[in-house]
Each structure stands twice: as structure tokens, then as C-alpha cells.
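The chain contents come next:
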Amino acid sequence: MSRGGDQSVPEMREVPIGIQADGQREEFDSMGTVEVPADRYWGAQTQRSLIHFSIGGDRMPKEVYHAYGYVKKAAALVNAAADRLPDWKKRAIVRAAEEVIEGELDEHFPLFVWQTGSGTQSNMNVNEVISNRASQLLGGTLGSQKPVGPNDDVNMGQSSNDSFPSAMHIAAVQEIDDHLLPQARDLAAVLEAKAGEWNTVVKIGRTHLEDAVPLTVGQEWSGYGAQVRACIDEVEHSRKGLLELALGGTAVGTGLNAPKNFSRDVAARIAELTGKPFVTAENKFMAQGSLDPMVRAHGALRGLAVAVMKIANDMRWLASGPRTGFAELLLPQNEPGSSIMPGKVNPTQCEAIVMIAIQVLGNDSAVAFAGSQGNFELNAMRPLIINNFLHSARVLADGMEKFRTFSVDGTELNRAKIAQYVNESLMLVTALSPVIGYQNAAHIAESALANNQTLKEAALASGHVDEKTFDAVVDPLSMVGDGVSGA
């Protein structure tokens, strides 16, 4: 022990993470005592939640707890700067919070998604773990809540009602920035590269699943790249709402029990710690009574899922075959496709990303419904929303990486099949419409189909056009604009 004035101040020691103990330890909260596993840092409220909410296999994502580490570290720093928290307590809380951020205490966060809708039990799980770990570092007795208490010290100036949505926003922004957007940008870049590579390869377009006029493969793929880029823009736009933090609003948004300027200062600290431009929410009543920014951000994930589903479905249809389908694309052959049919290879990466997109759309329905369930000063559907958001972002990011690496990047063209379709297409007759009229052109196409003729044979037989005019007008390359992807 060392002295600070006339007060005894515990010294922080180097104590490895872990509790060497068997059996049970007694912890307490305002309702009484509870037995908890002796080798775990959590306390009474965490244990109560494990008893009352052991539902399914869905655990609160660890990313939420890592984000909570930033909340607790920043709060301790701000509270100490306001002379509300002794410096020696601050140091111990900060050290424990850093271990939370780094994932070193992950096994001590066992709670299920299906718990109190405010996230109170997860907040208290963090408070209890940091309290016990900080007390351990200071030579205290686990379960005594001394010298660092979960409510009075770790949770100082906070409520679950403002800290949990702040942790949600931090976790969501980190997932977007660190995983989702990089993978989306990489996918867009590969799609754009393919578009450039195939910019002059003419193919037959399809509308309503029927033959249409020509375009180039590059033009078609430029549409894919543009889809993903537009979705990236939407994700980036919706991300801005997640940069506003509810922290400092405490129970209902008024800031009761938080020090002056706490909301502004703690947001600035979190911005500094995370390297992300977080700010305090301008209106805490909106920030705590709703989860609108999370709903909008997940809507952007839904938009990205829709885009990649369209691209993957196009690719697997265009690669169908090899002898009885479209067979325009040659996808990488990654693994055998059948346990009974030798030599069969399937578009498995396309199928996987379609399933992921369907899951994200389902998640979005739940997020939107949950977002509509705010009552008065609190939306109590938070665990569901953050679990779905992180799940959607994670599987989309991972799925896009695998889809790009094992399908899009290695896709090639079956140029002979593409050329065959161009030569056999009846919709090239569209170019004749301005010359001989729509009705005459339509009758030529109908005659060619009915008599199994080429378009040229039927056109010359109609008497409406001569060979020189036909050859000059019905030129697939001249029908695709100026040949650039954006034509």
C-alpha cells in the first residue's frame, strides 16, 4: 500500500488474467447474494441473467463487449478528469477496459442475446467483469466490490439506456469500416476490371428472360460494378448516423447523474481511442427512445445484399450448362458438385452469396420491426437489433470476399457460345425498324422463327430490304453505343 495525503491508496500490481479457484464464489447485488463460478470475473447480475435467460444458442456478440470496453475506458478517463473518480481507480478500470477491448476477457461475457431489451444485463456483465478485474489488480477480494465497484465506479455517469446504444454504434461502425466496406470495395474493383477487359465483346442482352438487343459483356458487368458502388455510397451515408452517441443521456436523455459536459467529453475520448469521428448525439431523447440510425444502416446492408444477389444470380444463370444451359460464362471449378453424378461442378459461391443475401433480408425485416417498437424514452429491442446487424455485416463481408476470390475473379468467357447467340439472335431485327418500320421488322422476326431461318434469310425473303442495306444496318457492334461500358 502507498499513501496519497492521509488516504490509503492501493497500488496496482501486475496480475495475470485469470482466477485460480474451484467451486463457487458469493457475489451480491441489490437483491441479495448469488453463487457464481469461482473462476469467472462476472458477478450477481450476470449470473441471474444466465439463470433467467438461458434461451437458445445465440450469445451477445463479442464485438459489443469490445465496444463496451471503449465506453468504460472513456468514461473512467472523463470521470477522473472531473475529479469524480480517484486516479488510482481510473488506472485500474482503464487497464481492465483495455483487456476487454483486446478480447482478453471474452470468456467472461457469456450472456444470451435474448435478455432485457435495454441491454442492462450486458452492461452489468461488463461492469462486474471490469470491477472484479480492476479490484484484482489492486489487491482486492473478488466479489467484495472493493476497492472498485461495478455501479458506483465502472458505471459512473452512465446508464444502460445510454451506454448500450453507444456500444452498438461503436461495434457497428467498426464492423462496417474494418470488414464490410473493404470487401465491398474489393468486389466492385474486380467487377469493374472484368467490365474493362470485356468491353468490346458483343453479346445478346436479355429482358423478361427473352432475347433482346445486343450490348457488350463489359457494359453488362459495368452495371454490376455500378450497383455495388452505389450500395457502398449508401452504407457510407447511413454510417454517419452511427457516429452519434447517446452516452451522457443516462436514464431518459436528461443526463441526470452525469457531470457537466460529460456527453461531449466522453464522445471526444471515444473518438480519440477508436480513431473514428464519434460525436455526442444532438438529441439524446431521439438517441435513446429510438434506434433509427441502426435501422437505416441495416437498410443499407439490405441494399447491398440485394445487389450482390442479382449479380450472383446472373452469373450462375449465365454459367448454366455446360451443354444444356446458357453457358456464356465459365466459372472457376472449386470442388466436386455431386455425390452421385461424376464430373458435375456447381456454382457454389453464387449459391452461398444468394443464401447470405436472403438471410440479410430476413434480418432486416426483424431489425425494422424491432426499430418500430420504441416506447416513450426507450427502445427495448436493442439486443436483437445489434445481433442482427453484426451478423448481416459479418456474413456479407465474408461472403463477398469468398465470392470475389473463388468465383468473380476467376470467371472467364465462353466466347464461341456468346458469338453463336449473337449470330442466331432474332432481336437484331430491331436495327431495321427505323428503316422499314416496326410492323415489317416484326413480321421478319416472326417468319424467321416460324420457318427456322436466319434473320438475314427471312429479311431478304420479305422483300422489304436488300442485302446491302441489311449488312449495313444489322451490325451487332454498331448497336451497342460507342462501345464504352457506360454507353
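Above this note sits the structure.
We now turn to the structure provided with this report.

So, how was this worked out
- Residues numbered from 1 in each chain as written.
- Predicted model: local features only at pLDDT ≥ 70, side-chain atom pairs only at ≥ 80, totals over all residues.
- Heavy atoms only, no water.
- Core = buried A, V, L, I, M, F, W, Y, C linked by side-chain atoms within 4.5 Å.
- Buried < 20%, exposed > 50% of the residue type's maximum accessible area, 1.4 Å probe, protein only.
- Helix = DSSP H or I, 4+ residues; strand = E, 2+ residues; numbered from the N terminus.
- Contact = heavy atoms within 4.5 Å.
- Lys, Arg positive; Asp, Glu negative; His and termini not counted.
- Salt bridge = Lys/Arg side-chain N within 4 Å of Asp/Glu carboxyl O.
- Axes fitted to C-alpha atoms, helices over the stretch in contact; angles between N-to-C directions.
- Parallel < 35°, antiparallel > 145°, perpendicular 65-115°, else oblique.
- Left-handed = near helix turned anticlockwise from the far one by under 90°.
- Nonpolar A, V, L, I, M, F, W, Y, C, P; charged D, E, K, R; others polar.
- 1 Å grid on protein atoms, 1.4 Å probe; cavity = no way out; pocket = protein on both sides within 12 Å on 5 of 7 lines; lining within 4 Å.
- Points joined across faces, edges and corners; volume = space filled by probe spheres on them.

Quick notes on the nonpolar core
Okay, step 1: Ranked by size, the top nonpolar core spans 114 residues in total, and within it Trp-221, Met-294, Leu-304, Met-315, Phe-389, Leu-396 and Phe-403 carry the most contacts.
Okay, step 2: Ranked by residues supplied to this core, first place goes to helix α6 (residues 160–197) with 16 residues.
Okay, step 3: In contact with Met-294, not counting residues within four places along its chain, are Met-168, His-169, Ala-172, Leu-242, Val-367, Ile-385, Ile-386 and Phe-389.

Structural notes on the side chain of Glu-175
Okay, step 1: The residue Glu-175 is located in helix α6 in this model.
Okay, step 2: Notably, Glu-175 is buried but unbridged: the nearest opposite-charge side chain belongs to Arg-394, and the N-O separation is 4.8 Å.
Okay, step 3: Filtering out sequence-adjacent residues up to four positions away, Glu-175 remains in contact with Glu-63, Leu-180, Leu-390, Ala-393 and Arg-394.

Examining unusual backbone geometry
Okay, step 1: In this structure, the amide linkage connecting Lys-146 to the following residue, Pro-147, adopts the cis form with an omega of 5°.
Okay, step 2: As for its position among the elements, Pro-147 is in the loop between α4 (120–137) and α5 (150–154).
Okay, step 3: Positioned with a positive phi, Leu-209 is a non-glycine residue whose angle comes to about 65°.
Okay, step 4: Of note, Thr-250 is a non-glycine position whose phi angle comes to about 50°, a positive value.
Okay, step 5: Structurally, Thr-250 is set in the loop between β7 (244–245) and α8 (262–274).

Here's the deal with the packing of helix α1 (residues 44–52) against α4
Okay, step 1: Relative orientation of the contacting elements α1 and α4 amounts to 140°, with a least axis distance of 8 Å. In terms of orientation, α1 and α4 fall into the oblique class. Two packed elements cross with a definite hand, and for α1 against α4 that hand is left-handed. In contact with Ala-44, Gln-45, Thr-46 and Ser-49 of α1, α4 contributes Gln-121, Met-124, Asn-125 and Glu-128.
Okay, step 2: Here the contact of α1 with α4 is composed, by residue class, of two nonpolar, five polar and one charged.

Section: the layout of surface pockets
Okay, step 1: When its volume is computed, the largest pocket comes out at roughly 520 Å³.
Okay, step 2: As for the largest pocket, its lining consists of 18 residues, and the residues nearest its centre are Ala-319, Ser-320, Gly-321, Pro-322 and Val-345.
Okay, step 3: Sorting the residues of the lining of the largest pocket by element identifies α10 (292–318) and β9 (329–330) as the ones contributing at least two each.
Okay, step 4: Its residues assigned to classes, the lining of the largest pocket shows 10 nonpolar, six polar and two charged.
Okay, step 5: Looking at the second largest pocket, its volume works out to about 430 Å³.
Okay, step 6: Arg-206, Leu-209, Glu-220, Asp-314 and Leu-318 are, among the 18 residues lining the second largest pocket, the residues nearest its centre.
Okay, step 7: For the lining of the second largest pocket, the secondary structure elements donating two or more residues are β5 (202–207), β6 (210–216), α7 (217–242) and α10.
Okay, step 8: By residue class, the composition of the lining of the second largest pocket is nine nonpolar, four polar and five charged.

Worth remembering: the numbers are spatial, not functional.
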